[in-house]
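Spelled out from the first residue to the last, the chains are:
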Amino acid sequence: MSTRSTVISMRLPVESGDRLNRMATRHGWTVSDASARLVEEGLRRAEFAFIDFRDSAAGRQAYIQSSTLAGWEIMLLVRSYKSDVVAVAQHLNWPEAKIQAAINYARAFPSEIETALSENASVDLEGLKRMLPQAKGFIPRRQKKS
């Protein structure tokens, strides 16, 4: 969220206010913060195709609709495929438009995506084992050329 803000008053049905209070409590936010986040997420959904928001272990994140992949995860693939949208779309068996939607979102909110990518890059096997004790390292075998 930006540091500059404006005050907007609104009326909600009592049931919606109760749900908003529960959401704020669940996340440890103020009701004002929860309202602002939901409005911002709604605006982003309206402005960017295929974008949705969900709770994750890392907090609320932008995801690609009808998938389990966050926007930053798509950007990780885009980078690994050297920005070849067609190759990423083929890899995921998705339409190219969904890949382009993630790219468009990442261009509009680069610090959000870069922060998530940096956090992902900072986790090594030992850090992963602290979070998931059953995690084991493996080295993929090279397939023999036929």
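Residues numbered from 1 in each chain as written. Predicted model: local features only at pLDDT ≥ 70, side-chain atom pairs only at ≥ 80, totals over all residues. Heavy atoms only, no water.

Some points on the pairing of strand β2 (residues 59–64)
Then comes step 1: The pairing of strand β1 (residues 51–56) with β2 spans six bridges and is classified as antiparallel. Counted as the bridge partner of Asp 52 is Tyr 63 from β2.
Then comes step 2: In textbook terms, the turn of a hairpin is the stretch between consecutive antiparallel strands, and for β1 and β2 this stretch comprises two residues. (Pairing = 2+ DSSP bridges. Helix = DSSP H or I, 4+ residues; strand = E, 2+ residues; numbered from the N terminus.)

Concerning the packing of aromatic side chains
Then comes step 1: For the structure shown, the criterion picks out four aromatic pairs.
Then comes step 2: Summarising the aromatic geometry, the rings of Phe 53 and Tyr 105 are spaced 6.4 Å apart at their centres and angled 65° between planes, so their arrangement reads as edge-to-face. Separated by 52 residues along the polypeptide, Phe 53 in strand β1 and Tyr 105 in helix α5 (residues 96–108) bring together distant segments of the chain. Of the two residues, Phe 53 and Tyr 105, neither departs from the other in class, the shared state being buried. (Phe/Tyr/Trp six-rings, centres within 6.5 Å; stacked < 30°, edge-to-face > 60°. Buried < 20%, exposed > 50% of the residue type's maximum accessible area, 1.4 Å probe, protein only.)

Focus: the pattern of salt bridges
Then comes step 1: Counting across every chain of the model gives seven salt bridges.
Then comes step 2: Residue Asp 52 pairs with Arg 45 through a salt bridge whose shortest N-O separation is 2.8 Å.
Then comes step 3: Residue classification places Asp 52 among the partly exposed positions, given a relative accessible area of 23%.
Then comes step 4: Here Lys 129 makes a salt bridge to Glu 126, at a shortest N to O gap of 3.9 Å. Of this pair, Lys 129 and Glu 126 are both found in helix α7 (residues 125–131), three residues apart, which corresponds to roughly one turn of the helix.
Then comes step 5: Classification of Glu 126 as partly exposed rests on a relative accessible area of 46%.
Then comes step 6: A network of salt bridges, in which partner residues are shared, links Glu 40, Arg 44 and Glu 112. (Salt bridge = Lys/Arg side-chain N within 4 Å of Asp/Glu carboxyl O.)

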